[in-house]
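Tertiary structure, described
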Amino acid sequence: RLARASQTLASKGIGDMTDPLIIQQMRNKHATERLQPLDPPPTRPAPVSIHHDHRDQFQKLLKNAITKQDDYTATGPSGLPNHYLRVLTTPARDQLDVPAQEAWEHFTQFCIKRVQVELPDYFYTLTSGATITALIKKQPQGSDSPECRPIAAGDIIRRATDKTVFDFTKRFIIKALMPQ
């Protein structure tokens, strides 16, 4: 199974990010201020409290968020492929060796610390970024540079934990906003 972006990559390829014409296309399609380092850095997110009694529910939702992401989902700045995380969420995880079980427990605890905003400030700055890739939209005629489209891929852990927090708080959000 290939995600849409992977299919595009396989069919048309990635533009050469050292080609001045492709760099110019990326600049034209992304506002300059979006490509610059953030000054000041982004603020920390609002913490979400995960009480010890709800840890199992959070872990179940985290597992669901990871398994729903395609194995070929873009990694983002961390470079961590989703299929590495997915191995820890397989139904056979309970039969995995002790180090693998411990890795899942530590990963869950790390994600809880992330959403409770217990990690250092720099972590939130680093994981709020994205990796920009130039996907080729149209092959060139002759020796011209291809026409490219910029794709920004956020961090896989941020996407998984943000989805988990949304699913964890969804019923409260719906209750507060309904019936509007």
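Before reading on, note that the structure itself is shown above.
Residues numbered from 1 in each chain as written. Predicted model: local features only at pLDDT ≥ 70, side-chain atom pairs only at ≥ 80, totals over all residues. Heavy atoms only, no water.

**Topic: the overall build of the protein chain**
In terms of regular secondary structure, the protein chain is built from eight helices and two strands. Secondary structure of the protein chain in N-to-C order comes out as α-α-α-α-α-α-α-β-β-α. When the 180 residues of the protein chain are sorted by exposure, 34% land in the buried category. Across the protein chain, every contact between residues at least 6 apart in sequence was considered, and the portion connecting residues at least 24 apart equals 70%. Summed over its atoms, the accessible surface of the protein chain is roughly 11700 Å², and 57% of this surface lies on carbon and sulfur atoms. (Helix = DSSP H or I, 4+ residues; strand = E, 2+ residues; numbered from the N terminus. Buried < 20%, exposed > 50% of the residue type's maximum accessible area, 1.4 Å probe, protein only. Contact = heavy atoms within 4.5 Å. Areas by Shrake-Rupley, 256 points an atom, 1.4 Å probe, with all protein chains shown as cover.)

**Concerning the packing of aromatic side chains**
Here the structure, examined in full by the defined rule, presents five aromatic pairs. Ring geometry for Phe-58 against Phe-168: centres 6.2 Å apart, planes inclined by 75°, an arrangement best described as edge-to-face. In this pair, Phe-58 sits in helix H4 (residues 55–68) while Phe-168 sits in helix H8 (residues 156–177), placing the two residues 110 residues apart along the sequence. Taken together, the ring pairs in this structure connect Trp-104, Phe-107, Phe-110, Phe-123 and Tyr-124 into an aromatic cluster. (Phe/Tyr/Trp six-rings, centres within 6.5 Å; stacked < 30°, edge-to-face > 60°.)

**Notes on helix H6 (residues 98–115)**
With 18 residues, H6 extends 26 Å from end C-alpha to end C-alpha; this agrees with the ideal 26 Å at 1.5 Å per step. When H6 is considered as a whole, its buried residues turn out to be Ala-100, Trp-104, Phe-107, Thr-108, Cys-111, Ile-112, Arg-114 and Val-115. Seen end-on, H6 carries its buried residues on one side only, within an arc spanning 160°. Among the exposed residues of H6, those pointing more than 90 degrees away from its buried face are Val-98, Pro-99 and His-106. In the core, the buried residues of H6 are packed alongside H4, helix H5 (82–87), helix H7 (121–127) and H8. Val-117 sits one or two positions beyond H6 and adopts a positive phi of about 55°. (Expected span 1.5 Å × (residues − 1). Arc of directions from axis to C-beta.)

**Here we look at the packing of H6 against H8**
At a minimum axis separation of 10 Å, H6 and H8 run at an interaxial angle of 75°. In terms of orientation, H6 and H8 fall into the roughly perpendicular class. Residues Phe-107, Phe-110, Cys-111, Arg-114 and Val-115 of H6 form the contact with H8, whose participating residues are Ile-157, Arg-158, Thr-161, Asp-162 and Val-165. Its residues assigned to classes, the contact of H6 with H8 comprises six nonpolar, one polar and three charged. (Axes fitted to C-alpha atoms, helices over the stretch in contact; angles between N-to-C directions. Parallel < 35°, antiparallel > 145°, perpendicular 65-115°, else oblique. Nonpolar A, V, L, I, M, F, W, Y, C, P; charged D, E, K, R; others polar.)

**A short note on the packing of H4 against H6**
At a minimum axis separation of 10 Å, H4 and H6 run at an interaxial angle of 100°. With respect to H6, the axis of H4 lies roughly perpendicular. On H6, the residues touching Arg-55, Phe-58, Gln-59, Leu-62, Lys-63 and Ile-66 of H4 are Trp-104, Glu-105, Phe-107, Thr-108, Gln-109, Cys-111, Ile-112 and Val-115. Residues that form the contact of H4 with H6 fall into these classes: eight nonpolar, three polar and three charged.

**Digging into the nonpolar core**
Counting 19 residues, the largest nonpolar core has Ile-50, Phe-58, Leu-62, Ile-66, Trp-104, Phe-107 and Cys-111 as its most contacted members. Elements that contribute at least two residues to this core include exactly H4, H6 and H8. The element that contributes the greatest number of residues to this core is H6, accounting for six residues. Dropping the residues within four chain positions of it, Phe-107 is found in contact with Leu-62, Ile-66, Leu-85 and Ile-157. (Core = buried A, V, L, I, M, F, W, Y, C linked by side-chain atoms within 4.5 Å.)

**Looking at the environment of Asn-82**
Within the secondary structure, Asn-82 is located in helix H5. On the basis of relative accessibility, which here comes to 0%, the residue Asn-82 falls in the buried class. Setting aside its immediate chain neighbours within four residues, Asn-82 contacts Ile-66, Gln-69, Asp-70, Asp-71 and Ile-156.

In short, shape yes, function no, at least from these values alone.
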